[in-house]
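In case you want the letters, here they are:
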Amino acid sequence: MSKKTVWFEVAENETIDACLERMKQDGYMAVGRKEEPLFEEVDGKPVPIRRIVKFKGTKME
């Protein structure tokens with residue numbers, strides 16, 4: 001039995017549309033979105049390098 005909700009993360013070299021298409025192919029529909037910053041420490045200070053985008057997918061029936 002598969003899960004009803006799964007978080008899908010947009011890969012570093014993937015577009016948002018490609019991630020949504022991947023979700024659709026796996027049988028999930030996007031119902032939520034979450035963004036988080038990714039930091040790297042440079043000279044003892046956090047520097048943002050990119051953002052992490054995740055979509056909450058619900059199983060399509």
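Everything discussed here concerns the structure shown above.
Some points on the overall build of the protein
Turning to step 1, where the next piece is worked out: Across its full length, the protein carries 1 helix and 3 strands.
Turning to step 2, where the next piece is worked out: Shown N-terminal to C-terminal, the secondary structure of the protein runs as helices and strands in the order β-α-β-β.
Turning to step 3, where the next piece is worked out: Rg of the C-alpha trace for the protein: 14 Å, well past the compact-globule value of 10 Å for 61 residues, more than 25% over.
Turning to step 4, where the next piece is worked out: Dimensions of the protein along its principal axes, counting C-alpha atoms only, are 50 × 20 × 15 Å.
Turning to step 5, where the next piece is worked out: Buried positions account for 16% of the 61 residues belonging to the protein.
Turning to step 6, where the next piece is worked out: In the protein, once contacts between residues fewer than 6 apart in sequence are set aside, the share between residues at least 24 apart is 54%.
Turning to step 7, where the next piece is worked out: Accessible surface, the protein: about 4800 Å² in total, of which carbon and sulfur atoms supply 52%.
Turning to step 8, where the next piece is worked out: Distance between charge centroids for the protein: 7 Å, based on 12 positive and 12 negative side chains.

Concerning the nonpolar core
Turning to step 1, where the next piece is worked out: If you look at the biggest cluster of nonpolar residues, it comprises 7 residues: Phe8, Val10, Cys19, Met23, Tyr28, Val53 and Phe55.
Turning to step 2, where the next piece is worked out: Listed by contribution, the elements that provide at least two residues to this core are α1 (16-25) and β3 (45-59).
Turning to step 3, where the next piece is worked out: Setting aside anything within four residues of it in sequence, one finds Val10 in contact with Thr15, Ile16, Cys19, Val53 and Phe55.

As for the sheet that holds strand β2 (residues 28-42)
Turning to step 1, where the next piece is worked out: Across the sheet, 3 strands lie side by side as β1-β3-β2; this open sheet has antiparallel pairing. Bordering the open sheet on either side are β1 (5-9) and β2, each of which pairs with just one other strand. If you compare each strand with its neighbour and ignore which way they point, the axes differ by 25° on average.
Turning to step 2, where the next piece is worked out: Relative to β3, β1 is paired through 5 bridges, and the arrangement is antiparallel. The partner of Phe8 across the bridge, within β3, is Phe55.

Describing a nonpolar patch on the surface
Turning to step 1, where the next piece is worked out: Side chains of Met29, Val31 and Met60 sit close together on the surface and give an oily, nonpolar patch of about 270 Å² of accessible area.
Turning to step 2, where the next piece is worked out: Note that Met60 resides in the segment after β3.
Turning to step 3, where the next piece is worked out: The class for Met60 is partly exposed, based on a relative accessible area of 41%.

Cut-off values and rules
Residues numbered from 1 in each chain as written. Predicted model: local features only at pLDDT ≥ 70, side-chain atom pairs only at ≥ 80, totals over all residues. Heavy atoms only, no water. Helix = DSSP H or I, 4+ residues; strand = E, 2+ residues; numbered from the N terminus. Rg over C-alpha atoms; globule rule 2.2 N^0.38 Å. Buried < 20%, exposed > 50% of the residue type's maximum accessible area, 1.4 Å probe, protein only. Contact = heavy atoms within 4.5 Å. Areas by Shrake-Rupley, 256 points an atom, 1.4 Å probe, with all protein chains shown as cover. Lys, Arg positive; Asp, Glu negative; His and termini not counted. Charge placed at Lys NZ, Arg CZ, Asp CG, Glu CD. Core = buried A, V, L, I, M, F, W, Y, C linked by side-chain atoms within 4.5 Å. Pairing = 2+ DSSP bridges. Axes fitted to C-alpha atoms, helices over the stretch in contact; angles between N-to-C directions. Patch = residues over 30% accessible without salt bridge, like charges linked within 9 Å, V, L, I, M, F, W, Y side chains within 5 Å. Salt bridge = Lys/Arg side-chain N within 4 Å of Asp/Glu carboxyl O.

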